[in-house]
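One-letter residues, chain by chain:
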Amino acid sequence: MDVYKEAADYLNAYGIEVQELEPDTLEDVFAMDSEEGFLPVDTSPFSPQRSDSVDFPDTPTDWDPDRMLEMRLLVLRNILASEEQYLSELEALLMPMKALKATAFTSQPVLSNQQIQTVFYQVPELRNLHRDFYDSLKNRLELGDPQASVGDLFQKMVSQLGVYCGFIDNYESALEVVRKCAQADERFRTLAENMMSSKGSDNSRANHTFEALLYKPLDRVTKTTLVLHDLLKHTPSDHPDCPLLQESLRISSSFLSGVNEESQKKRAVTLSKGQNRQLVKDAFLVDTSEGVRSLRHIFLYTDVLLCTKVKASWPGKSAQYRFGWYLPLVGLRLQWGREQELPADVQSRISTTRLKMFQLRQEIQLQAKGGRALGARTMDRSRRKLQECELWLLTHSPTTPLELNSPNGKSHTLLLSSLHELSEWRDAIEKLKAESFETVPPDLLTLTNSCVKLRMVHHPPLLSLAPDSGDSSLCGTLSVAVHGASGLQEPASMYICLEVDGYMFFETKAQTRASLSSVAPQWDEEFSMQVDGARHLWVLCVQQPERGSSSTGDRIVGKTLVPLEPNVLQKKWKKMTVTLNQLEVCLSLKFCAHSLEPPGLVPPPQQEVFKVLIGTVAEQEGALVPHIVRSCTEEVERRGLEEVGIYRISGAASDLQALRTAFNTNLRDALSRLRAVDVNAVSGILKLYFRELPEPLIPSDLFQSFAQALDMPDPKGRINHMLSLLDSCPDVNRNTFLFLLHHLKRVAEKQEINKMTLLNLATVFGPSLLRPPPMVLGQAGPQVDISQEVVVQVQVVFFYLQCENLPAAKTTHLLDSEEIPDT
């Protein structure tokens, strides 16, 4: 290698730019050792082992300890200056993001919202990571102490290098968007060619292109190991930082070996016939065996899925793995199972653990703000306890199963904590299955041992290990309203899942009911979630199999990540449209910041819906038509329109009782049960709901008015009077009645098959929807013959079912009281 080029690389690693020389590639910085994996090559010009080193006056071996510490301090100051410049470049890259977002939903956007997400993906997270490292390092170096300990800062920083994975994977897509938009839009081209950043402490300005700034993180992460290697060379072996820097160097080297494009082929395990087995994805997931949950490190290779157990290690000792099980990808069948129900004792312990985590985090935050004078040992103990609680929760709270069935009869089940994580693993496995080939059985010992150097994830995803995101995350109440979707090519039944990140003190997931089969499904449901440390919201669209289709399970048809920005969402609703593959889903978001109350040991009981005034139920749900009415009618339309005698034939009494209990106690469970029971039980529970209302849907005090209106001889006058009576009903009653009427009309459209005419349906529902006022002892009033009473009940419903211009029903008033800006 050219000696001057080597020197230029060394200086560039510390931010001292040598413009006329190109930086070295990663393959010049690393060499592959067949037994130990990637090991850093000594590229320092101070190296006494290299005959072509730059002729510097001294080498580390010639210096006394004081001289070595002085040089170490100089190296650290150069690193700090380099970090300052890198932060300036990241800030320059992020500078136009807000302006671009502001135009994204105008009539002439510079970039679409999806393009903005692609271009700036993970850049704010990189900025936050390096800002935290820079601030911490600067505080340590301000006193100018040559003995200053910084190893923990480097170890913390490299342990979070995984944030670069998303950026690196997305880099080509981001670059493609920048290039295409620069060609298509002169406004963006002007912006992309004139990006300015300061050049360090002198605050001079440097001009960059968008592409050049986008490359900076790639350039930076490849130099991390080189910087650590040189810092370690200038750190005395007896310095407390030495083992920490060694571990940081090992983590950095392992990370780079996993993500750098040029080293992918070297990261593979060699098979017979010159084939390579390459690591594609790894993570800590819950493995279940005979009902026992265990947190395992799962590795997905190009041809096998490997489960390993982490062996206990001690400080300074590299982690080791033991073999758990493996499944070949060829012929592997994946099944997204039904969400598992946790035993009552486990649910109770989860609630207790969440409360304990909440209290520990409050204690740590209070200490960080200087509110309590806890000792360092007490703080460390609190952090360890928080991590232990979080680790237990990661093991025992996941309920979403991914079942793996191999052709050889072996089966395993992984439990995941979120639907988006399940979809990522399933998609990755399915993609590899399509490309995989039959391979020789792996040498399990070699494959397991290689996991240490190949892994890209080094520890379970504990939020307590991450730096505090402070003002950039949400703490308070996040409200999400899911309106509807468009873009379907053919009718489908689907529901929307919402998943928020952050601490798991409270429920982090919500789900709409399933829509009826439609090309433009509507939900109009609102959810409120208590969040702490939330920065992202996953939105997933799940399609249910249609009646008569060969598909047997739900299918995720689209997902997207919505960044949660406190300043944008604060207090007022923000309406937005997000893209999920070909679908566009309309949402509204609002955030209210406030201190959180401790999570309850027992979840607050859901308010009952049966035998409760319909206005009370609607107010609790924030809707004009209760969930039970919408859910049951849509399920009947999904699979009961061709059922002979629908609404006339009732379901099994046991099914009705189970549904009644579920709707009174757990709406999510009720929606799941609706899909599983006989459709006649679904229609039966809807009839039961209306029959058990303490006051009928059509107010009793209007009974006589309806009876008189039916006797009016003038048809036009009768119609006007009947519609006027309907308008006089309370909003919830009127809209629920209209919603039901339009549903019954759709049922009657299939009367040739289901044998249910409009009159039949009016006969079934009339007595439940309209009742005369009860007789009060001592009060005189018109007596209604029982036969006449039934006639009025049936004829009123039948009259409205025959109306051709029946008003449409409003299902929700979720956001009527607040202004929602269209963005």
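> Explanation requested: the overall build of the chain in the structure shown.
A tally of regular secondary structure across the chain gives 27 helices and 21 strands. Expressed as a percentage of the 823 residues in the chain, the buried residues total 52%. Expressed as a percentage of contacts within the chain between residues at least 6 apart in sequence, the contacts between residues at least 24 apart total 71%. For the chain, the exposed surface amounts to about 38,900 Å²; the carbon and sulfur share of it is 50%.

> Whenever I open this one, the pattern of salt bridges confuses me. Can you help?
A pair can form between side chains of opposite charge whenever their charged atoms are brought close. For the structure shown, the criterion picks out 24 salt bridges. One salt bridge connects Lys-180 with Glu-176, and the closest N-O pair in it is separated by 2.9 Å. One end of the pair, Lys-180, and the other, Glu-176, are both in helix 8 (residues 163-184), four residues apart, so they sit about a helical turn from each other. Two residues, Arg-179 and Glu-211, come together in a salt bridge whose shortest N-O distance is 3.3 Å. One end of the pair, Arg-179, is in helix 8; the other, Glu-211, is in helix 10 (residues 210-233), with 32 residues separating them in the sequence. Through salt bridges with shared partners, one network takes in Arg-513, Glu-525 and Glu-634.

> Sorry, what's going on with the packing of helix 21 (residues 679-691) against helix 26 (residues 758-769) here?
Two packed helices can be described by the angle between their axes and the distance between those axes. Relative orientation of the contacting elements helix 21 and helix 26 amounts to 30°, with a least axis distance of 8 Å. By the angle between their directions, the pair helix 21 and helix 26 is classed as roughly parallel. The handedness of the crossing between helix 21 and helix 26 is left-handed. Listed contacts from helix 26 to Lys-687, Phe-690 and Arg-691 of helix 21 are Val-764, Phe-765, Ser-768 and Leu-769.

> Looking at this model, I keep getting lost on the nonpolar core. Mind explaining?
Note on soluble globular proteins: their nonpolar side chains tend to be buried together. Core analysis: the largest hydrophobic core is formed by 68 residues, its most contacted members being Tyr-647, Tyr-689, Phe-690 and Tyr-800. Once residues lying within four places of it in the same chain are set aside, the contact partners of Tyr-689 are Val-609, Phe-610, Ile-614, Val-617, Pro-626, Ile-628 and Val-629. Counting 62 residues, the second largest nonpolar core, distinct from the first, contains Leu-73, Leu-80, Leu-111 and Val-178.

> Please clarify how helix 20 (residues 667-676) should be interpreted in this entry.
An α-helix turns once per 3.6 residues; consequently, residues spaced three or four apart project the same way. All of the buried residues along helix 20 are Ala-670, Leu-671 and Leu-674. End-on, the buried residues of helix 20 take up no more than an arc of 100°, which puts them together on one face. Contacts made by the buried residues of helix 20 are with helix 18 (627-639), helix 19 (653-665) and helix 21.

> How do you make sense of empty space enclosed by the protein when you look at a structure like this?
If you roll a probe as big as a water molecule over the atoms, it shows you where there is empty space left. Overall, the coordinates contain three cavities of 30 Å³ or more when judged by the stated rule. Taken as a whole, the largest cavity encloses approximately 130 Å³ of empty space. What lines the largest cavity is a set of 13 residues, and nearest its centre among them are Glu-83, Met-157, Arg-220, Thr-224 and Val-227. Of all the secondary structure elements, the ones that give two or more residues to the lining of the largest cavity are helix 3 (65-94), helix 6 (123-141), helix 7 (151-158) and helix 10. Residue contributions to the lining of the largest cavity peak at five residues, all from helix 10. Across the lining of the largest cavity, the residue classes break down as seven nonpolar, three polar and three charged.

> Quick question: what am I supposed to make of the sheet that holds strand 20 (residues 574-580) here?
Hydrogen bonds between backbone groups are what pair the strands of a sheet, and the pairing can be parallel or antiparallel. The strand order across the open sheet formed by four strands is 17-14-21-20, and the pairing between neighbours is antiparallel. Only two strands of the sheet have a single partner each, and these edge strands are strand 17 (522-534) and strand 20. When strand polarity is set aside, the average angle formed by the axes of neighbouring strands in this sheet is 30°. Here strand 20 runs beside strand 21 (residues 583-593); their pairing, made up of seven bridges, is antiparallel. The residue of strand 21 that forms the bridge with Thr-577 is Cys-586.

> Any chance you could explain the sheet that holds strand 7 (residues 279-289) here in plain terms?
Taken in spatial order, the seven strands line up as 10-9-8-7-13-12-11 in an open sheet, and their pairing is antiparallel. Across the chains shown, the open sheet's two edge strands, defined by having one partner strand only, are strand 10 (320-328) and strand 11 (333-336). Across the sheet, the mean angle from the axis of one strand to that of its neighbour is 35°, orientation sign disregarded. Across six bridges, strand 12 (residues 400-405) lies against strand 13 (residues 411-416) in antiparallel orientation. Bridge pairing links Asn-405 to Ser-411 in strand 13. In the packing of helix 14 (residues 419-435) onto the sheet, the strands contacted are strand 7, strand 8 (292-301), strand 9 (304-311), strand 11, strand 12 and strand 13, and the crossing angle to strand 7 comes to about 120°.

> Explain unusual backbone geometry here, please?
Negative phi characterises most residues that are not glycine, and trans characterises most peptide bonds. One non-glycine residue with positive phi stands out, namely Gln-122, at about 70°. With respect to the element layout, Gln-122 can be found in the loop between helix 5 (113-119) and helix 6. With a phi angle near 65°, Lys-755 is a residue other than glycine that sits in the positive phi range. Topologically, Lys-755 is positioned in the loop between helix 25 (751-754) and helix 26.

> Even after reading the chapter, I still don't get the packing of aromatic side chains, so can you show me in this structure?
Any pair of aromatic rings gets described here by the distance separating the centres and the angle formed by the planes. Evaluation of the coordinates by the stated rule reveals 15 aromatic pairs. Aromatic side chains Phe-167 and Tyr-171 sit 6.3 Å apart centroid to centroid with 40° between the ring planes, which places their arrangement in the tilted category. Here Tyr-171 and Phe-167 lie together in helix 8, a separation of four residues that amounts to about one turn. When the ring of Tyr-503 is compared with that of Phe-505, the centres are 5.1 Å apart and the planes differ by 5°; the resulting orientation is stacked. A relative accessible area of 9% places Tyr-503 in the buried class. Clustering of aromatic rings is evident, with ring pairs tying together Phe-358, Tyr-503, Phe-505 and Phe-506.

> Help me understand the environment of Ala-428, please; the structure alone is not making it clear to me.
Considering the arrangement of structural elements, one finds Ala-428 in helix 14. On the basis of relative accessible area, Ala-428 is assigned to the buried category, the value being 18%. Remark: the alpha-carbon pair of Ala-428 and Leu-300, spanning 128 residues in sequence, is separated by 8.5 Å. Beyond its immediate chain neighbours, meaning those up to four positions away, Ala-428 contacts Lys-281 and Leu-300.

> In this structure, what is going on with helix 10? I would like to understand it.
For helix 10, spanning 24 residues, the distance from its first C-alpha to its last is 36 Å, which sits close to the expected 34 Å at 1.5 Å a residue. Within helix 10, 19 of the 24 residues are buried, which leaves it mostly tucked inside the rest of the structure.

> I keep staring at the pairing of strand 12 and nothing clicks. Help me out?
Looking along a regular strand, one sees the side chains alternate between the two faces of the sheet. Sheet topology note: the strand 11/strand 12 ladder contains four bridges and is antiparallel. Note that in strand 12 the partner of Gln-335 across the bridge is Glu-403. Connecting strand 12 to the antiparallel partner strand 13 that follows it, the hairpin turn spans five residues, and Gly-409 within it adopts a positive phi of roughly 95°.

Reading the values: the criteria
Residues numbered from 1 in each chain as written. Predicted model: local features only at pLDDT ≥ 70, side-chain atom pairs only at ≥ 80, totals over all residues. Heavy atoms only, no water. Helix = DSSP H or I, 4+ residues; strand = E, 2+ residues; numbered from the N terminus. Buried < 20%, exposed > 50% of the residue type's maximum accessible area, 1.4 Å probe, protein only. Contact = heavy atoms within 4.5 Å. Areas by Shrake-Rupley, 256 points an atom, 1.4 Å probe, with all protein chains shown as cover. Salt bridge = Lys/Arg side-chain N within 4 Å of Asp/Glu carboxyl O. Axes fitted to C-alpha atoms, helices over the stretch in contact; angles between N-to-C directions. Parallel < 35°, antiparallel > 145°, perpendicular 65-115°, else oblique. Left-handed = near helix turned anticlockwise from the far one by under 90°. Core = buried A, V, L, I, M, F, W, Y, C linked by side-chain atoms within 4.5 Å. Arc of directions from axis to C-beta. 1 Å grid on protein atoms, 1.4 Å probe; cavity = no way out; pocket = protein on both sides within 12 Å on 5 of 7 lines; lining within 4 Å. Points joined across faces, edges and corners; volume = space filled by probe spheres on them. Nonpolar A, V, L, I, M, F, W, Y, C, P; charged D, E, K, R; others polar. Pairing = 2+ DSSP bridges. Phe/Tyr/Trp six-rings, centres within 6.5 Å; stacked < 30°, edge-to-face > 60°. Expected span 1.5 Å × (residues − 1).

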